[in-house]
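# A structural walkthrough
These are the residues of each chain, in order.
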Amino acid sequence: MKFPSTTVHLRSLQQCPASSPFSLLAASRVCNQLTLPLCARYSTCYAMSHAPKRGGFRGNRGRHPHRPNRNGANLSTQAAAAAFDQPMIAQEALPLSAVPQNVQDMPKRSFSDMAGGEVKLGKPYSSMAGQLDKALLEGLTKMGFEYMTPVQEKVLSELPTLSSDCLVQAKTGTGKTAAFLLPAIQNLLKGNMPARGRVGILVLCPTRELALQIAKECDGITACLPRRMECHTAFGGTARASTLNKFLRGDPTILVATPGRLDDILGEEQVRDRFQSIQTVVLDEADRMLDQGFAPQINSILRRIPPKRDGWQGMCFSATLPERVNDVVKCVLFPGYTSLSTIDRNEAPTLDKVPQFAITVPSIQQIFSALYALIQHEYEQDPKDFKAIVFGTTANGVGLLYDVFKVLLPQFQIFELHSRLSQSTRTSTTNRFKDATSGILFASDVVGRGMDFPNVGLVIQLGLPSATEQYIHRVGRTARAGKDGRAVMVLFENEAFFVHTNKTLPIKPYPFDISATLNQHYPTIEKAFTRVDEESKAKAYQAFLGYNKTYLKKLRLDTKGLVQLANQYAESMGCPEPPLIEKRTVGKMGLKGVPGLRIGSRRED
Ligand SMILES: Nc1ncnc2c1ncn2[C@@H]1O[C@H](COP(=O)(O)OP(=O)(O)OP(=O)(O)O)[C@@H](O)[C@H]1O
């Protein structure tokens, strides 16, 4: 294990019984709280213990401290060592008798509470008194945000002014949302508040779920302001008229929107009028917002709101900022903008503490049994509060996984989230999975970026992610806010190139050989598929063809090979013959005349 080499000024050492890592951590927290007001410089007291033989203290996922840690790391030591990046000047830790008996009495959700080690402690928010409005600080306290995360600290202390243009990169789950909301809101509070009914801050993000999540965090931050600051949302999948009505009748000082719906409602002059006092435009998941999919809508939005030269602030945030982004950010950032990053140039872009693995099976027909075996194995290793996300490649593919795995794994609470569901179902499932202590979510990329599902300990990716960045964001659904997590890819032979071509990603072969168990699962899986609707299989088959058609070269396949592969996939779903596919669809996919397809209509006349 690598420890940071920063010099540590150890001023005081307090010993406590080795058998009690909880008390140890609690003592260090109390020490931190007591020393806060005393120190002009930031000071921290750290917990460090000899971990039990095979593992260590697992952080605040609520595990028993003596349970073995599957990652094999001594986490309490790791946490303390990582935290050693900060000088220690605590005068004296308290005797253990002074530590509250119930660790849950401690402030919740503070990164300093988390023994994960990756997210180092930042300055306390209380040190921002005078720079951030008192009511905002109160809101943060209520949310349990006691210390700044590194990206929050960087943005709040290194931006030339709180209204400066910036491009900011920080790893997934490290608090970027508050890092852009705080300066933008503070900027309004210091005299730039728009008139009633006008938008002061516009946040653009790629999905509806993320828009709701950002709005919720915004409401938390502004909760203690003496005058309510309304945060509205605008996204597709909801009635346009009611969104518009709410927006026009309300006082949307902050608007969080997805590009399509905003572009649509900006067609109304009344709506455009509301943007005349805009102060800040944020692109969250900026690389996604500026890619070819969204760029036309973003450009159209930017043409309809006051021009950049009017002086509004542009903020672009993401965990992934590939080079190509620099060419396009100029639509929202003026030259000379501030670039901030908490990620070292040579560092892997994923969280260091997430062990990442890949399982490669020889044929596509083994993919379902491999996933089944993997989930079972992971669960057996760590059954308490088992909460996982399984990403599939397409909405219909995910729908199929949900259908079969709810039969295969009746002991779990199973969820599905993808674009083929109604918006109300998507919203309620998102909320239920956020609140769930355990369960398995089968998801498409609608929740691949930005979404914060607390305590997800495992992310599985089945098949190829659409890009390296997407892989990184999906992995980032685990180990958020300083917690632990693991990530596993399940690929078949032709897809294995992903691991070899992405050398910067620390993906290792899965440490347990599941291949021996695959055969024994076939009958169970076969049986489960008899309970899955044929239409669900047909849709998944078609989606499989469409998705993999875009990767033909990388998969080292021609169109004939692709159809053969899809037919094997259908066979593994228990289809006696390949599902019918409409002539029109075959044409659209560019598969006209390819042998192996069964052309015809599935609709019963
Ligand atoms: N200072 C803080 N103290 C405690 N918790 C925090 C703090 N800042 C953020 N969080 C929590 O950490 C989690 C992750 O934050 P957030 O969603 O903003 O991360 P992110 O960097 O935007 O992630 P992604 O790259 O996936 O979009 C959330 O639950 C958030 O409420």
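The chain is annotated in an unreviewed UniProt entry as ATP-dependent RNA helicase from Clohesyomyces aquaticus. Taken directly from UniProt, the Sequence similarities (unreviewed entry) text for the chain runs: "Belongs to the DEAD box helicase family."

## Some words on the overall build of the chain
Looking only at helices and strands, one finds 21 helices and 16 strands in the chain. Considering the chain as a whole, with its 605 residues, one finds that 59% of them fall into the buried category. Taking the intrachain contacts of the chain between residues at least 6 apart in sequence as the baseline, contacts between residues at least 24 apart amount to 77%. Surface summary for the chain: the accessible area is close to 26,500 Å², and the carbon and sulfur share equals 49%.

## A short note on the sheet that holds strand β14 (residues 507–509)
Spatially, β10-β11-β9-β12-β13-β8-β14 is the arrangement adopted by the seven strands of the open sheet, whose pairing is parallel. Each of the sheet's edge strands pairs with one partner strand only, and the pair in question is β10 (414–417) and β14. Pairs of neighbouring strands in the sheet enclose a mean axial angle of 25°, with direction left out of account. In terms of strand pairing, strand β12 (residues 458–462) meets strand β13 (residues 486–492) through five bridges, oriented parallel. When the bridges of β13 are listed, V459 appears paired with A487. Sheet contacts for helix α13 (residues 367–381): β8 (356–361), β9 (387–391), β11 (439–443), β12 and β13; angle to β13, the most-contacted strand, approximately 160°.

## Some points on the UniProt feature "domain: Helicase ATP-binding" (unreviewed entry) in the chain
When the UniProt feature table is mapped onto this chain, "domain: Helicase ATP-binding" (unreviewed entry) is found at residues 157–339. The distance from the first to the last C-alpha atom of residues 157–339 is 13 Å, and the span holds 41% helix and 16% strand.

## As for the sheet that holds strand β7 (residues 338–341)
Within the open sheet, the seven strands sit side by side as β3-β4-β2-β5-β6-β1-β7. Their pairing is parallel. Every interior strand has two partners, whereas the edge strands, β3 (231–234) and β7, have only one. Across this sheet, the average inter-strand angle for adjacent strands is 15°, counted without regard to direction. Contacts between helix α6 (residues 208–222) and the sheet are confined to β2 (201–204), β3, β4 (254–257) and β5 (280–284), with β3 contributing the most and set at about 180° to the helix.

## Looking at helix α15 (residues 423–435)
The end-to-end C-alpha distance of α15, which contains 13 residues, comes to 18 Å, matching closely the 18 Å that a straight helix rising 1.5 Å per residue would cover. Every buried residue of α15 is listed here: Q423, R426, T429, T430, F433 and K434. Here the buried residues of α15 occupy an arc of 135° about the axis, which is enough to place them on one side. Summarising the geometry of α15, the exposed residues directed more than 90 degrees from the buried face are S424 and D435. Looking at the buried positions of α15, the neighbouring elements they touch are α6, β9, β10 and β11.

## Examining the domain arrangement of the chain
When its domains are assigned, the chain resolves into domain 1 (19–341), domain 2 (350–532) and domain 3 (533–605). Contact residues are listed per partner, giving 36 residues for domain 1 and 36 residues for domain 2. Taken together, both faces of the contact between domain 1 and domain 2 bury some 3,200 Å²; the carbon and sulfur share is 48%. The tally of links between domain 1 and domain 2 comes to five salt bridges. Viewed at the interface, domain 2 and domain 1 are joined by 12 residue pairs in polar contact (both at pLDDT 80 or more). Elements that contribute at least two residues to the side of domain 1 that touches domain 2 include exactly α6 and α10 (286–289). With five residues, the single largest contributor to the side of domain 1 that touches domain 2 is α6. Among the residues making up the side of domain 1 that touches domain 2, the classes are represented as nine nonpolar, 14 polar and 13 charged.

## Topic: the pairing of β12
The side chains of a regular strand alternate, residue by residue, between the two faces of the sheet. Within β12, five of the five residues are buried, which leaves it mostly tucked inside the rest of the structure. Neither face of β12 is exposed, since L458, I460 and L462 on one face and V459 and Q461 on the opposite face are all buried. Relative to β12, β9 is paired through four bridges, and the arrangement is parallel. Paired with V390 across the two strands is I460, which belongs to β12. Between the parallel pair β12 and β13, the chain is carried across by helix α16 (residues 468–475), and the sense of this crossover is right-handed.

## What about the confidence of the model for the chain?
Mean pLDDT over the chain works out to 83, with 80% of the residues at or above the 70 mark. Low pLDDT, under 50, characterises residues 1–118; the stretch is placed with 200 contacts to residues that sit more than four places away or in other chains. For this predicted complex, the interface confidence comes out at an ipTM of 0.99, alongside a pTM of 0.81.

## Some thoughts on the side chain of R274
In this fold, R274 is placed in the loop between α9 (269–273) and β5. Within the structure, R274 has its side chain in polar contact with the backbone oxygen of G197 (distance 3.0 Å). Excluding residues that lie within four positions of it along the chain, R274 makes contacts with G197, R198, V199, F247, L248 and G250.

## A few points about the pairing of β13
With respect to burial, β13 is a largely interior element, seven of its seven residues being buried. Of the two faces of β13, both are covered, the one formed by R486, V488, V490 and F492 as well as the one formed by A487, M489 and L491.

Analysis parameters
- Residues numbered from 1 in each chain as written.
- Predicted model: local features only at pLDDT ≥ 70, side-chain atom pairs only at ≥ 80, totals over all residues.
- Heavy atoms only, no water.
- UniProt positions renumbered as here; feature names shortened; annotations may be inferred.
- Helix = DSSP H or I, 4+ residues; strand = E, 2+ residues; numbered from the N terminus.
- Buried < 20%, exposed > 50% of the residue type's maximum accessible area, 1.4 Å probe, protein only.
- Contact = heavy atoms within 4.5 Å.
- Areas by Shrake-Rupley, 256 points an atom, 1.4 Å probe, with all protein chains shown as cover.
- Pairing = 2+ DSSP bridges.
- Axes fitted to C-alpha atoms, helices over the stretch in contact; angles between N-to-C directions.
- Expected span 1.5 Å × (residues − 1).
- Arc of directions from axis to C-beta.
- Domains from an automatic or database assignment.
- Buried area = accessible area lost by both parts, 1.4 Å probe.
- Salt bridge = Lys/Arg side-chain N within 4 Å of Asp/Glu carboxyl O.
- Polar contact = N/O pair within 3.5 Å; in protein donor to acceptor, adjacent residues only side chain to side chain.
- Nonpolar A, V, L, I, M, F, W, Y, C, P; charged D, E, K, R; others polar.
- Right-handed = clockwise from strand over helix to strand, strands pointing away.
- pLDDT = per-residue confidence, 0-100.

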